[in-house]
Amino acid sequence: MVRVLKRGGEVLITERQKAILDLIVDIFTQTHEPVGSKALQEQINSSSATIRNDMSSLEKMGFLEKAHTSSGRMPSVSGFQYFVENSLTLAQVAEHDVYQVLKAFDDNFFRIEDLLQRAADILADLTGYTTLALDVEASRQKLTGFEMVTTSNHTGLAVFTLDESSTLTSQFAIPKNFLPSDLTTIRQLVHERFIGKTVLDIHYRLRTEIPQIVQRYFTTTDNVIDLFEHLFKDIFSEKVLIAGKVKLLEFANLETYQFLDKPQMVASEIRDSLGEEQMQVVKVADSHSSNLSQLTVISQKFLVPYRGYGVLTLIGPITLDYKRMVSLVNLVNQILAMKLTDFYRYMSSNHYEVN
């Protein structure tokens, strides 16, 4: 007997029942049709009556559901969850899938966003589902460069460099009565107070130190503080690259579709689902967000050299082919990590990311 901790208590399941459940999940995710005992006999060395009894027991445990139009059974949400937690293994990836992924990545990438978007696009094309790629968590990145230039008498451009690799620009209106030396002062304050600090630390200092420090250098402070707020607001934003968003409407509702328009909330949900030491997680109807709670969310971290971890995520229905989907996520993830290594090797050889 195999002890299974199931929501609502512990249940006992035999090795044969486990094999039957695994096989039903495998067949159902391929055909999306209820599975009868006869379909299992070739691989389960037992009589049809014994198999039916085990299927009935699995139904009582809550792992299977009876189809209304057939005598067959199909996995319940708990059945899929059990399979993912106890039986899921990587499937053999087809050679043409490997070739397709390698070919799609065979390009020159000058921005990390383009590379992450390509990964999301490839995974969406291969799976037919919605995919996301997240850069390193914004709050953990460090500001390593900052410059300001005037583009006219009334406008300017601020250029941020994060982790010595990712660039971000912010256009701004020059406050009235500002002198050129005032912009120089702001640049100096940023270099003194923010360079080498994490985005999270900068966020804290903008709220605590900057209002007091600005008073030492400027007679009128409100417009200066507002300028600081405007300049830095985008560096707190998560980079979430999405592909196959429209496909979401085939298996989810409009609210879930609209939820993906909120990158901060989406990124928070995905990151919270992964523990600090976890590299991959498969959530079956188990997301904290109500918008994803009836879906499967597969997330896997990838290493961004010198910077930390990003996350590649697939969102699909509960009835997806778990072995193939997890294997494809793993494949794209591995090749993405290789391309990122090449990207940063190129960056470190005195080249710079083009924005």
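Nothing here was measured: the structure is a model prediction, and the numbers come from that model.

Our next topic: the nonpolar core. Among the nonpolar cores identified, the biggest contains 78 residues, and Leu40, Phe105, Ile315, Tyr322 and Val332 are the most heavily contacted of them. Top element by residues in this core is helix α12 (residues 322–348). It accounts for 13 residues. Looking at which domains feed residues into this core, each of domain 1 (15–87) and domain 2 (95–137 + 238–348) gives three or more. Excluding its chain neighbours within four sequence positions, the residues that come into contact with Ile315 are Tyr129, Thr130, Leu132, Leu248, Phe251, Leu260, Leu292, Leu295, Thr296 and Val297. Phe146, Ala158, Ile202 and Phe218 belong to the second-largest nonpolar core, a separate cluster that totals 27 residues.

On to a nonpolar patch on the surface. Where nonpolar side chains cluster on the molecular surface, the patch consists of Val246, Leu249 and Leu254 and spans about 280 Å² of accessible area. Relative to the assigned elements, Leu249 resides in the loop between β9 (240–243) and α10 (254–259).

Another aspect to go through is the packing of helix α7 (residues 199–208) against helix α8 (residues 210–217). The geometry of α7 relative to α8 is characterised by a closest axis approach of 5 Å and an angle of 55° between their N-to-C directions. On the basis of their axis angle, the class for α7 and α8 is oblique. The residues of α8 that touch α7, namely those facing Arg205, Leu206, Arg207 and Thr208, are Ile210, Pro211 and Gln212. Tallied by class, the residues present in the contact of α7 with α8 amount to 3 nonpolar, 2 polar and 2 charged.

Any two side chains of opposite charge can pair, given that their charged atoms come close. Counted by the stated rule, this structure contains 21 salt bridges. Note that Asp54 and Arg16 form a salt bridge whose closest N and O atoms lie 2.5 Å from each other. Taken as a pair, Asp54 in helix α2 (residues 48–61) and Arg16 in helix α1 (residues 15–31) lie far apart in primary sequence, 38 residues in all. Residue Arg205 is joined to Glu209 by a salt bridge in which the shortest nitrogen-to-oxygen separation is 3.7 Å. According to the relative accessible area criterion, Arg205 is buried, its value standing at 16%.

Now for the domain arrangement of the protein chain. Split into domains, the protein chain comes out as domain 1 (15–87), domain 2 (95–137 + 238–348) and domain 3 (139–233). Summarising the inter-unit geometry, the C-alpha centres of domain 1 and domain 2 are found 30 Å apart. Linking domain 1 with domain 2 are 0 salt bridges, by the criterion used here. Elements represented by at least two residues in the side of domain 1 that touches domain 2 include exactly α1 and α3 (77–86). In terms of residues, the side of domain 1 that touches domain 2 owes the most to one element, α3, which gives 5 residues. Its residues assigned to classes, the side of domain 1 that touches domain 2 shows 5 nonpolar, 4 polar and no charged.

So, on to the packing of aromatic side chains. Here the structure, examined in full by the defined rule, presents 13 aromatic pairs. A ring pair is formed by Phe28 and Phe80, whose centres lie 6.5 Å apart and whose planes are at 55°; its orientation type is tilted. On the criterion of sequence distance, the pair formed by Phe28 in helix α1 and Phe80 in helix α3 is long-range, its members being 52 residues apart. Per residue, the accessibility class of Phe28 equals that of Phe80, and both read buried. Summarising the aromatic geometry, the rings of Phe160 and Phe232 are spaced 5.1 Å apart at their centres and angled 75° between planes, so their arrangement reads as edge-to-face. You can see Phe160 sitting in strand β7 (residues 155–162) and its partner Phe232 sitting in helix α9 (residues 222–232), a full 72 residues away along the chain.

Taken N-terminus to C-terminus, the directions of α1 and α2 make an angle of 80°; their axes are 10 Å apart at the nearest point. As far as their axial angle goes, α2 and α1 are roughly perpendicular. The segment α1 lies against α2, with Arg16, Gln17, Ile20, Leu21 and Ile24 engaging Thr50, Ile51, Asp54, Met55, Ser57, Leu58 and Met61. Tallied by class, the residues present in the contact of α1 with α2 amount to 7 nonpolar, 3 polar and 2 charged.

Pairing in this open sheet of 3 strands is antiparallel, and the strands run β6-β7-β8 from one edge to the other. Here the strands that pair on one side only, and so sit at the sheet edges, are β6 (143–150) and β8 (166–173). Mean inter-strand twist for the sheet, computed between neighbouring axes without regard to direction, equals 15°. This element, helix α6 (residues 180–193), spans β6 and β8 of the sheet and lies at about 175° to β6.

A few words now on the environment of Val159. The topology assignment puts Val159 in strand β7. It is 27 Å that separates the C-alpha atoms of Val159 and Val266, two residues lying 107 residues apart in sequence. Excluding residues that lie within four positions of it along the chain, Val159 makes contacts with Gly145, Phe146, Glu147, Leu168 and Thr169.

In this fold, Leu123 is placed in helix α5 (residues 112–127). C-alpha separation for the pair Leu123 and Pro75, spaced 48 residues apart in sequence, amounts to 26 Å.

Conventions we followed
Residues numbered from 1 in each chain as written. Predicted model: local features only at pLDDT ≥ 70, side-chain atom pairs only at ≥ 80, totals over all residues. Heavy atoms only, no water. Core = buried A, V, L, I, M, F, W, Y, C linked by side-chain atoms within 4.5 Å. Buried < 20%, exposed > 50% of the residue type's maximum accessible area, 1.4 Å probe, protein only. Helix = DSSP H or I, 4+ residues; strand = E, 2+ residues; numbered from the N terminus. Domains from an automatic or database assignment. Contact = heavy atoms within 4.5 Å. Patch = residues over 30% accessible without salt bridge, like charges linked within 9 Å, V, L, I, M, F, W, Y side chains within 5 Å. Areas by Shrake-Rupley, 256 points an atom, 1.4 Å probe, with all protein chains shown as cover. Salt bridge = Lys/Arg side-chain N within 4 Å of Asp/Glu carboxyl O. Axes fitted to C-alpha atoms, helices over the stretch in contact; angles between N-to-C directions. Parallel < 35°, antiparallel > 145°, perpendicular 65-115°, else oblique. Nonpolar A, V, L, I, M, F, W, Y, C, P; charged D, E, K, R; others polar. Phe/Tyr/Trp six-rings, centres within 6.5 Å; stacked < 30°, edge-to-face > 60°. Pairing = 2+ DSSP bridges.

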